[in-house]
Amino acid sequence: MRYEAPETLDAAVALLAGESGLAKVLAGGTDLLVQLRSGMIEPALVVDIKRIAETRRIQEESGGFRIGAAVSGAEMGEHAGLKAAWPGVVEAVELIGSTQVQGRATAAGNLCNASPAADSVPALVAAGATARIVGPGGSRELPVEAVAAGPGRTSLGRGEIVASLFLPARGAGQGDAYLRFIPRTEMDIAVVGAGVCLTLDGDGRCTRARVALGAVGPRVILAEAAAAALVGTTLDEAALDALAEAASAAATPIDDKRGTADFRRRVAGVLARRTAVIARDRAKGAAA
Amino acid sequence: MDQSQTTLPRRFKVVGQRKRRPDGIDKVTGRARFGADMTMPGMLWGLVLRSPHAHARIRSIDSSKAEALPGVKAVVTGADFNGERNDVSINCMAGDKALYDGHAVAAVAATSRQAARQALKLIEVDYEVLPHVTDVDAAMKPGAPVIREDLITAGVEPVPTKPSNVAARHEIGKGDVEKGFAEADLIVEQSFRTEATHQGYIEPHACVASVSPDGSAELWVCTQGHFMVRNVCAALLGLDSAQLRVTASEIGGGFGGKTTVFVEPVALALSRKANRPVKIQMTRSEVFRATGPTASSSIDCKIGLTKDGRITAAQAELRYQGGAFKGAGADFGAMAIFTPYDIENVKAVAWDVVTNRPKLAAYRAPGAPMAAFAAESTLDEAARRLGMDPLELRLKNAAREGTKAAYGPTFPRIGLASCLEAIGNSAHYRTPLGPNQGRGLACGFWFNFGGETCTTINVNKDGTVGLSVGTPDIGGSRASMCAMAAEELGIPYEKVRTVIADTASLGYNDVTDGSRVTFSSGLCTIQAARQAIQRLCQRAALMWGIDAEAVVWEDGHAKPAGPNAGKFEPLSLAEIAAASANTGGPIAGHHEVNAEGAGVSFGVHLCDLEVDRETGSVRVVRYTAAQDAGKAVNPDYVEGQMQGGSAQGIGWALNEGYVYGDDGRLQNAGFLDYRIPVASDLPMIDALIVEEPNPGHPYGVRGVGETSIVPPLAAVGNALRDALGVRLTETPMAPPRVLAALAAAAE
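Residues numbered from 1 in each chain as written. Chains lettered and ligands numbered in written order. Predicted model: local features only at pLDDT ≥ 70, side-chain atom pairs only at ≥ 80, totals over all residues. Heavy atoms only, no water.

Engineer: Describe the sheet that holds strand S3 (residues 72-76) of chain B, and please don't skip the residues or the numbers.
Structural biologist: Residue and element names in this part refer to chain B. Pairing is mixed across the open sheet formed by seven strands, whose spatial order is S3-S5-S1-S12-S9-S10-S11. The outermost strands of the open sheet, each flanked by one partner alone, are S3 and strand S11 (244-248). The average angle at which neighbouring strand axes cross in this sheet is 20 degrees, direction not considered. Sheet analysis places S3 next to strand S5 (residues 104-110), joined by four bridges and oriented antiparallel. Opposite Ala74, over in S5, you have Ala109 as the bridge partner. On the sheet, helix H8 (residues 264-274) packs against strand S1 (44-50), S3, S5, strand S9 (206-211), strand S10 (217-221), S11 and strand S12 (278-281) and is oriented at approximately 130 degrees with respect to S3. (Pairing = 2+ DSSP bridges. Helix = DSSP H or I, 4+ residues; strand = E, 2+ residues; numbered from the N terminus. Axes fitted to C-alpha atoms, helices over the stretch in contact; angles between N-to-C directions. Contact = heavy atoms within 4.5 Å.)

Shown next, in the form of structure tokens:
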């Protein structure tokens with residue numbers, strides 16, 4: 001196995017594109033190193049992107065934030081501006097692993113690991129985040145929901161890297177939140193996850209909403225019907241009930257070691273509802 | 001037992017104090033050396049190839065390509081196990097069949113881990129995959145795949161002519177249950193299932209073996225019993241016990257799971273073949289797939305009572321599977337199940353079943369927690385139907401001094417009623433519950449054990465004392481040994497150092513199990529100290545020129561027995577030791593015993609929990625454990641045992657369990673999906689130490705290590721019933737089951 005730590009994105013892309021065997025990108029390594037140690041993967045090339053300056057910083061851009069692919073969860077949690085604008089996204093990232101893991105784990109890595117249960121992804125999808133993909137053909141922006149193709153698989157082509165994530169400017173009256181269900185209280189993986197981002201007008205009426213569900217399908221689900229159940233309402237009980245029902249209906253879970261399909265469907269609705277209430281309260285705070 | 005052993009109560013000076021743990025600093029600073037911390041010159045890395053199939057015939061193994069790989073120094077298979085090929089041997093290295101997912105089929109030793117890993121891939125095993133069964137009830141059904149062709153059920157008449165998966169039937173009982181149930185006003189009958197759980201020790205198995213061409217061998221290993229390791233490995237590999245010296249490392253948890261061997265004989269076989277030291281360190285996945293776990297069970301329980309709550313009869317049928325080898329511990333379950341109660345008519349039938357799962361290893365009160373889950377849940381249901389307080393019902397039927405247990409003995413002084421009273425008097429018992437909360441009570445029993453034990457005390461010339469014991473310290477026992485030696489000798493605790501001596505330094509010691517160490521190594525230490533005192537008195541007599549009989553030992557000093565003995569200033573231990581060269585040389589005390597008189601231990605647990613009725617999430621919010629310790633030598637460690645067992649039992653009740661796929665493979669071989677509780681999952685567990693002295697120990701000590709895992713399954717289940725209004729009868733009582741039970745009840 002060859003290890004490379006280039007200092008530019010172009011060099012990283014060239015290394016990855018030039019490798020005929022299995023090539024892997026190393027950011028925090030909290031998934032990759034575990035896979036290496038357990039013998040799950042045997043890459044011919046590992047490209048460490050942490051020495052590339054633009055992967056290591058959080059920058060304000062067009063009123064939003066661009067988060068480098070090697071920025072750790074702990075760094076996001078300590079960024080006051082980011083935390084104030086996107087509390088749901090930051091909370092979701094901070095749920096990954098332990099305090100020690102937080103010092104390494106990255107949101108971009110969480111996205112590229114393409115686990116259906118990835119904690120940060122439903123929050124990013126709800127927030128309308130995009131990923132900047134760089135590759136041999138240049139650079140492009142992709143909605144985060146289009147990055148994962150299935151469990152453990154991404155839509156990225158040979159030589160392509162997620163260089164950064166972009167969270168747009170937080171609108172007036174907007175709030176986001178993420179909740180997950182785990183059997184324990186920490187150090188666990190989502191059995192169901194729900195991310196909600198919504199916008200309220202001056203009367204407390206929802207004008208825009210995005211609802212994303214994790215761990216209830218092969219990829220994170222953008223539940224449009226669930227979001228539609230909120231738009232035009234003041235998130236009264238009837239709207240929240242309709243949201244829960246639509247979220248449960250949108251879920252396509254399986255029975256596995258972490259829970260039954262029936263359990264996940266029910267809890268997807270419960271969590272969507274609870275998450276929407278937190279997002280609403282945050283939006284009201286923002287509107288005030 | 002001599003007379004002095006029954007002189008109770010006594011005033012203790014050191015025993016009963018919360019003394020600082022002698023191994024504490026090394027453990028918190030990382031200096032302590034565990035199984036994986038040993039290296040030797042020229043050492044090779046050993047890795048084990050494991051079956052990916054639950055059940056398969058091994059047609060052939062071709063290791064020629066692996067052996068040809070640079071760096072590979074040895075490959076071993078079952079053929080290299082040239083001693084006894086018993087169940088333990090076959091579990092360590094398969095014979096003609098792989099019996100479970102993870103079963104060892106070959107092993108390599110190479111100069112690097114990478115080379116060893118590569119070599120494993122080059123070993124070609126030709127498997128004929130066979131039908132498998134992993135569930136205990138399925139394995140007992142007619143037509144189930146028979147996994148051991150030579151297994152004929154023991155304990156049934158007439159003796160079966162065909163093999164089956166049922167290894168044995170056991171029956172425990174007394175009185176006439178038919179008559180007892182006829183006298184009952186209420187009969188409660190329920191069935192329960194518990195999934196297998198793993199001991200979950202944090203330190204994976206690890207050892208370094210070095211076999212010399214002259215036949216002598218050294219083994220460094222994390223184990224609960226290095227004498228057991230020596231004897232078993234010697235037998236499996238055809239070595240002389242005297243030639244194999246085994247040293248126990250520090251141990252990062254065992255809970256019963258390190259009372260047998262797994263990689264130790266493999267490392268020795270590799271070392272013998274390679275003529276180099278070999279280290280094997282299991283991965284967590286290997287630990288889950290091929291070591292431990294406990295039995296899974298399926299139990300029917302029936303209890304009859306009069307209107308006023310007197311139990312007239314109790315009956316149970318217990319079916320346990322313990323993997324592909326006989327000995328699932330259902331007999332222990334049958335012996336323990338109704339033992340907390342004084343019942344005239346009892347019948348418990350136990351079925352020992354084999355399946356395609358890893359061979360069971362002991363886990364803290366093996367066989368008892370699942371039995372208590374059945375009995376204590378059924379009793380809780382009875383209390384509800386009678387409208388009786390569950391504590392009152394238990395107190396009314398509690399076993400006491402003089403009660404004859406169904407498994408044989410008539411109890412001397414025991415502490416169950418005292419534990420029930422301690423819980424009844426606790427603030428916890430009287431605190432009102434909040435919304436969505438429930439409270440559950442359960443009792444538990446464990447036998448405890450004595451066993452073969454051997455200790456030596458050496459008095460040093462500076463007045464300090466070295467104590468050698470042969471029982472690995474898994475729960476702070478070195479501190480307790482120091483305390484008991486100091487107590488007897490009359491010297492400060494800090495003047496005694498206790499070490500776990502290797503197998504060449506002491507006679508045979510049984511493993512650290514059965515909650516036996518503080519009891520039996522303690523008893524042995526006290527007797528060795530008394531022998532040392534006798535010799536100290538003899539030396540003082542020599543120094544004074546009087547008869548040894550005229551010298552007594554008081555407060556760490558030799559003194560003339562009375563005015564007729566002569567007038568001499570008392571001599572301290574240090575003064576006698578300093579002069580020992582002139583009075584006959586070094587001073588020591590020794591004792592060996594097969595200890596009888598281990599006192600049984602009872603416990604009572606009280607659990608409050610809160611349920612999220614929308615997600616099925618359960619949170620234990622308050623937990624109190626009361627247990628009879630006889631005499632708590634170090635209350636900190638007694639409380640630690642009570643809290644640790646409670647935590648493990650709560651994990652077993654709520655989230656822990658082996659998950660097998662339809663392919664017979666273990667799906668959750670890691671701590672992510674095998675969920676032991678983390679610190680934030682649990683409240684502080686309140687420990688109430690009850691002390692009803694054990695008449696079989698000089699200080700009244702009872703073992704405390706195991707009883708604490710017996711009540712939690714039922715205590716949690718009963719609390720869940722209280723909170724939900726519906727009873728769960730299968731562990732783990734995880735959120736999907738809670739939600740499904742609520743949904744079923746709502747329909």
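Engineer: With reference to specific residues and values, describe the domain arrangement of chain A.
Structural biologist: You'll often see interface size given as the accessible area lost when the parts meet. All names here are of chain A. Split into domains, chain A comes out as domain 1 (55-167) and domain 2 (174-287). Counting residues at the interface gives 24 residues for domain 1 and 22 residues for domain 2. Carbon and sulfur atoms supply 58% of the area buried between domain 1 and domain 2, which totals about 1900 Å² over both sides. Summed over the three residues of domain 1 that lose the most area to domain 2, namely Pro116, Pro122 and Ala126, the buried surface amounts to 26% of that side. Here domain 1 and domain 2 share three salt bridges between them. If you look at where domain 1 meets domain 2, you find twelve residue pairs in polar contact (both at pLDDT 80 or more). The element that contributes the greatest number of residues to the side of domain 1 that touches domain 2 is helix H8 (residues 120-127), accounting for six residues. Of the residues belonging to the side of domain 1 that touches domain 2, the class tally is 16 nonpolar, five polar and three charged. (Domains from an automatic or database assignment. Buried area = accessible area lost by both parts, 1.4 Å probe. Salt bridge = Lys/Arg side-chain N within 4 Å of Asp/Glu carboxyl O. Polar contact = N/O pair within 3.5 Å; in protein donor to acceptor, adjacent residues only side chain to side chain. Nonpolar A, V, L, I, M, F, W, Y, C, P; charged D, E, K, R; others polar.)

Engineer: Go over the side chain of B:Thr707 with me, naming the residues and quoting the values.
Structural biologist: Residues and elements named next belong to chain B. With respect to the helices and strands, the residue Thr707 is situated in the loop between strand S26 (685-690) and helix H19 (712-724). Of the residues examined, Thr707 reaches a relative accessible area of 1% and is grouped as buried. At 3.2 Å, the side chain of Thr707 and the backbone oxygen of Ser601 are in polar contact. Here Thr707 is in contact with Gly444, Phe445, Trp446, Ser601, Phe602, Gly603 and Gln627, once residues within four sequence places are set aside. (Buried < 20%, exposed > 50% of the residue type's maximum accessible area, 1.4 Å probe, protein only.)

Engineer: Outline the pattern of salt bridges, listing residues and values.
Structural biologist: A side chain of one charge can pair with a side chain of the opposite charge when the charged atoms of the two come close. All names here are of chain B. Applying the stated criterion across every chain yields a total of 69 salt bridges over all chains. Close ionic contact of Glu381 with Arg727 constitutes a salt bridge, the shortest N to O distance being 2.7 Å. In this pair, Glu381 is assigned in helix H11 (residues 368-386) and Arg727 in the loop between H19 and helix H20 (735-746), connecting sequence segments 346 residues apart. Taking the relative accessible area as the measure of exposure, Glu381 reaches 9% and is therefore buried.

Engineer: I'd love a proper account of the domain arrangement of chain B, names of residues and values included.
Structural biologist: Residues and elements named next belong to chain B. As assigned here, chain B comprises domain 1 (3-32 + 450-595) and domain 2 (367-448 + 599-746). Placing the centre of domain 1 and that of domain 2 at their C-alpha centroids yields a distance of 37 Å. The interface is formed by 28 residues belonging to domain 1 together with 24 residues belonging to domain 2. Summed over both partners, the interface of domain 1 with domain 2 comes to about 2100 Å²; 57% of that surface belongs to carbon and sulfur atoms. We note a salt bridge from Arg18 to Asp636, for which the minimum N-O separation is 2.5 Å. There are ten residue pairs in polar contact (both at pLDDT 80 or more) connecting domain 1 and domain 2. Every element with two or more residues in the side of domain 1 that touches domain 2 is listed here: helix H15 (477-489) and helix H16 (517-544). Among the residues forming the side of domain 1 that touches domain 2, the class breakdown is nine nonpolar, eleven polar and eight charged.

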